[in-house]
Amino acid sequence: MKRRDLLRMPVKAALEGVAPVLERGMRPPPGSAPGVLQSMPGATAPRVDVFAYGPHEITEFEAEDLPAIARLRGHYPVIWVNVNAVDHAETVQAIGDGFGLHRLALEDVMHVTQRPKVEAYDGHLFIVVKMARRAPDLDLEQVGIFLGRDFVVTFQQHPGDVFDTLRERLRAGHARLRAAGPDYLAYSVLDAIIDNYFPVVEEFVDELEALENEIMERPSHHCVQRLHDIKRELMALRRSVWPLREALGVLVRDPGALVHAETVVYLRDCQDHAYQILDLVENFREVAGSLADLYISTVGNRTNDIMKVLTIFAALFIPLSFITGIYGMNLAHPETAPAPWYWTWPFAAAVMGAIAFALLVFFYRRGWIRGRG
């Protein structure tokens with residue numbers, strides 16, 4: 001790979017990162033009415049899981065009658081509704097109607113290119129975060145979280161999540177979680193998502209170390225391609241964590257009436273974790289950049305070694321070629337040559353000497369055979 005191609009890798013990574021936002025069909029046509037929900041082609045109704053609980057009771061079921069979920073309000077202190085996909089507009093609309101969720105927020109739920117953010121609506125908060133997983137490539141899945149006075153509604157982009165430990169804590173009757181309100185449940189969801197960044201980010205440690213050894217021992221185009229993939233994934237992680245840190249800062253500074261002071265302390269801990277993740281991502285991006293320089297340096301050194309070997313072979317054959325050329329000119333010796341050809345050998349020797357002297361002067365003026373002060 002050429003040096004200019006390697007230096008263009010960050011630009012390519014940035015363009016690949018914004019490509020999903022620019023794809024057609026991901027956003028409504030210009031001029032569309034706000035809050036319009038439209039299903040993706042071939043979308044089917046997703047799985048909807050419900051946890052309704054209090055300090056001494058809990059019920060868990062897969063909901064089929066979506067309007068009936070909202071009727072649980074008032075019977076349980078906290079209701080958690082988790083929707084496993086967002087491409088089916090009828091399901092998103094039914095959940096939104098049941099809990100009084102704002103249509104603009106529901107539109108953001110279905111448009112999965114949102115930045116992490118926190119928005120306050122009448123009676124509920126809307127939080128957008130990115131859930132990171134590697135299977136085996138990096139997958140950043142949008143999760144929309146609605147926090148109300150007695151409910152938490154989460155919309156996942158795809159089935160599968162990192163909430164299994166949280167569900168087990170609810171089933172096991174974890175005292176702090178079961179006795180707290182929906183704001184603590186929303187914090188627990190955020191905490192599970194943010195903490196899962198650590199194992200994802202730490203996987204890059206082993207990959208970068210292995211890539212460094214491979215670059216030192218066997219630099220190849222595969223190294224450059226893998227380095228490009230790692231830099232692209234780290235850039236995507238940075239775009240997810242940087243606004244998440246700002247969103248958590250909004251919750252900590254201005255939590256509103258739906259978030260109690262006791263929960264703000266835990267949210268501050270989430271914000272601290274986001275800072276740590278961002279530091280790790282930035283450090284690994286610097287390491288990846290240094291590995292790109294290491295690749296260029298290693299390939300350059302190997303090329304120099306090869307050129308040294310070739311130069312040695314050329315130096316061995318230069319005097320042999322010179323002797324062969326002199327005795328292969330087929331010129332008569334001055335002692336036996338006819339009068340007109342008597343000066344042939346001296347003339348050829350003078351021309352060769354003049355050329356050699358001219359080359360020495362040229363090399364000298366270029367600074368190739370002397371140091372420039």
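Residues numbered from 1 in each chain as written. Predicted model: local features only at pLDDT ≥ 70, side-chain atom pairs only at ≥ 80, totals over all residues. Heavy atoms only, no water.

**Q** Could you give an account of the overall build of the chain, with specific residues and numbers?
**A** Within the chain, the secondary structure is distributed over 12 helices and 7 strands. For the chain, contacts bridging at least 24 residues in sequence account for 66% of all contacts bridging at least 6. Accessible area for the chain stands at about 20800 Å²; split by element, carbon and sulfur atoms hold 59% of it. (Helix = DSSP H or I, 4+ residues; strand = E, 2+ residues; numbered from the N terminus. Contact = heavy atoms within 4.5 Å. Areas by Shrake-Rupley, 256 points an atom, 1.4 Å probe, with all protein chains shown as cover.)

**Q** Can you tell me about the packing of aromatic side chains, naming the residues and giving the values?
**A** One pass over the full model with this rule turns up 8 aromatic pairs. Each ring, one from Phe146 and one from Phe155, has its centre 5.9 Å from the other, and the planes form 80°; the classification is edge-to-face. Of the residues examined, Phe146 reaches a relative accessible area of 0% and is grouped as buried. Ring geometry for Tyr184 and Tyr266: centres 5.3 Å apart, planes at 90°, overall edge-to-face. With Tyr184 in helix 8 (residues 182–195) and Tyr266 in helix 11 (residues 261–327), the pair connects residues that are 82 residues apart, well separated along the chain. (Phe/Tyr/Trp six-rings, centres within 6.5 Å; stacked < 30°, edge-to-face > 60°. Buried < 20%, exposed > 50% of the residue type's maximum accessible area, 1.4 Å probe, protein only.)

**Q** An account of a nonpolar patch on the surface is needed here, citing residue identities and associated values.
**A** A grouping of Val309, Ile312, Phe313, Leu316 and Phe317 is seen on the molecular surface, where their side chains present a nonpolar patch of about 520 Å² in accessible area. Topologically, Phe317 is positioned in helix 11. (Patch = residues over 30% accessible without salt bridge, like charges linked within 9 Å, V, L, I, M, F, W, Y side chains within 5 Å. Salt bridge = Lys/Arg side-chain N within 4 Å of Asp/Glu carboxyl O.)

**Q** Let's hear about the pattern of salt bridges: which residues, and what values?
**A** A complete count under the given rule lists 22 salt bridges for this structure. As a salt-bridge pair, Arg226 and Glu207 come within 2.4 Å of each other at their nearest N and O atoms. Remark: Glu207 occurs in helix 9 (residues 197–217) and Arg226 occurs in helix 10 (residues 221–253); sequence separation between them is 19 residues. Taking relative accessible area as the criterion, Arg226 reaches 21% and is therefore assigned partly exposed. Since its relative accessible area comes to 23%, Glu207 is described here as partly exposed. Where Arg285 meets Glu282, a salt bridge forms, and the shortest distance between an N and an O atom there is 3.7 Å. One end of the pair, Arg285, and the other, Glu282, are both in helix 11, 3 residues apart, so they sit about a helical turn from each other. Accessibility expressed as a relative area gives 28% for Arg285, which makes it partly exposed. Taken together, the salt bridges that share partners define one network made up of Arg134, Glu203, Glu207, Arg226, Asp229, Arg232 and Glu233.

**Q** A description of helix 8 should follow, citing residues and the corresponding values.
**A** Given a rise of 1.5 Å per residue, 14 residues ought to cover 20 Å, and the 20 Å separating the end C-alpha atoms of helix 8 matches this to within 8%. For helix 8, a buried count of 13 out of 14 residues is recorded, marking the element as mostly surrounded by other parts of the structure. (Expected span 1.5 Å × (residues − 1).)

**Q** Account for the nonpolar core, naming residues and giving values.
**A** Proteins that are soluble and globular tend to have nonpolar side chains buried together. Counting residues in each nonpolar core, the largest one holds 64 residues, and the members touching the most others are Trp80, Ile193 and Leu237. Ranked by the residues each element gives to this core, the list is headed by helix 10, at 13 residues. Not counting chain neighbours up to four residues away, the residues in contact with Ile193 comprise Val129, Lys130, Met131, Val143, Val162 and Phe163. Grouped together as the second largest cluster of nonpolar side chains are 30 residues, Ile69, Val86, Val109 and Val153 included. (Core = buried A, V, L, I, M, F, W, Y, C linked by side-chain atoms within 4.5 Å.)

**Q** So what about the packing of helix 9 against helix 10? Which residues, and what values?
**A** One can describe the packing of helix 9 onto helix 10 by two numbers: an axis separation of 11 Å at closest approach and a directional angle of 155°. Taken together, helix 9 and helix 10 sit at an angle that is classed as roughly antiparallel. Classified by chirality, the crossing of helix 10 by helix 9 is left-handed. For the pair formed by helix 9 and helix 10, the contact residues are Tyr197, Val201, Phe204, Glu207, Leu208, Leu211, Glu214 and Ile215 on the first element and His222, Cys223, Arg226, Leu227, Ile230, Glu233, Leu234, Leu237, Ser240 and Val241 on the second. (Axes fitted to C-alpha atoms, helices over the stretch in contact; angles between N-to-C directions. Parallel < 35°, antiparallel > 145°, perpendicular 65-115°, else oblique. Left-handed = near helix turned anticlockwise from the far one by under 90°.)

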